[in-house]
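Given next are the chains, with one letter for each unit.
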Amino acid sequence: MPSYLVTGANGQLGQCFYAAAKEFPKVDLYFAKKNEVDITRLETISNWYKQNPFDGIINCAAYTNVDQAEKEEESVLKINTEGLQNLIDFAENKNLSIIHFSTDYVFDGQATEPYPEQAATNPIGIYGNSKLQGEVRLSKSSCKNVTIRTSWLFSPFGKNFVKTIARMAKEKSALKVVDDQWGRPTFGIDLARTVLKLISNNTIYTFPILHYANQGVCSWKEFAEAIVNELECKTIVQGITTLAYPTSAIRPKYSILDTGRIEKELQIEIPTWQESLKKCIQILKSNGF
């Protein structure tokens, strides 16, 4: 039975793996929070391994605050690039494998059709650049590895768009949301299930890069409207332009990932984002949100 260390276990994606783990008894997962394994400190990885040896690493540790990243480049690179390098060094030394996650932000958003895995990268911000540098380092490593790019991640855990809109919809009668950026939302628990399924059937390392996002395309405004409707709130969602909502980091206008490879080659069925949003809202409600 393969065993994996899940880094960043208290982050959004780490918690999604924890939620999905019980469905996959043939994969043994060790969940390490940042105070247990800090990927910027190699000795913490080594210390954990001595206590609980594992076959591979599912790296959910990341700096993901896109706007704050513009002000903290050193911190971002320390985690997203140098931290991953620590994992690579350790994995090469111990002959371990790495499953790593990247982002639609490695693209500039100027495309007019979905981005396949081999599309030219061109990040337009510090966060995207840090993730791309990590991808490149992993691709040059000698350990068995895969990078999974995803977009618009949401779940019942951590900070994300669904939880933010859900909270604001309870407080306000109207919300202004950008309607000229397009993407594919990704339910973190669906992503975790897919990774664990691919580990279980031993196809996870078939390709060096995979794209995963839920089926269906929307703007942030359409996504917000769906959230409000699921919550049965009366809040009105008004569309605004990107220019009317300035942020520190520039967002890709069009960051639709092509998931044909994971669907056709690896036989993965992907639910629509609308189906998965319903599940996410149900979990939030059951948790008293």
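Data block above holds the structure.
Positions within a chain are numbered from 1, following the residues in the order the chain's sequence is written. Only residues with pLDDT of at least 70 are given local features in this predicted model, and only at 80 or more are side-chain atom pairs given and counted; all residues enter the totals for whole chains, interfaces and linings. Neither water nor hydrogens contribute to the side-chain values; these are computed over all heavy atoms in the structure.

### Comments concerning the pairing of strand 5 (residues 145-150)
Side-chain positions along a regular strand alternate between the two faces of the sheet. In terms of burial, strand 5 is a largely internal element, six of the six residues being buried. Direction of pairing for strand 4 (residues 97-103) relative to strand 5: parallel, over a ladder of six bridges. Residue Phe 101 lies in a different strand from strand 5, and its bridge partner there is Ile 148. In this view, the connection linking strand 4 to its parallel neighbour strand 5 by way of helix 5 (residues 126-139) has right-handed handedness. Paired strands, as defined in this entry, are two strands with at least two bridges between them according to DSSP. Secondary structure follows DSSP: runs of H or I at least 4 residues long count as helices, runs of E at least 2 residues long count as strands, and numbering of each begins at the N terminus. Taken together, the three bridges between strand 5 and strand 10 (residues 209-211) define a ladder with parallel strand orientation. When the bridges of strand 10 are listed, Arg 149 appears paired with His 211. Relative accessibility thresholds used throughout: buried, under 20% of the residue-type maximum; exposed, over 50%; partly exposed, between the two (1.4 Å probe, protein chains only). For a crossover, the right-handed case is the one in which the path from the first strand over the helix to the second runs clockwise, viewed with the strands pointing away from the viewer.

### A look at the sheet that holds strand 5
Sheet architecture is open: six strands sit in the order 2-1-3-4-5-10, paired in parallel fashion. Two strands lie at the open edges of the sheet, namely strand 2 (28-31) and strand 10, each paired on one side alone. Strand-to-strand twist of the sheet, defined as the mean angle between neighbouring strand axes without regard to direction, takes the value 25 degrees. By the convention used here, residues are in contact when the closest approach between their heavy atoms is within 4.5 Å. Lines fitted to C-alpha atoms define the axes here, with helix axes fitted over just the stretch in contact, and angles between the N-to-C directions of these axes take values from 0 to 180 degrees. Lying over the sheet, helix 7 (residues 188-200) contacts strand 1 (3-7), strand 2, strand 3 (56-59), strand 4, strand 5 and strand 10, oriented at roughly 150 degrees with respect to strand 4.

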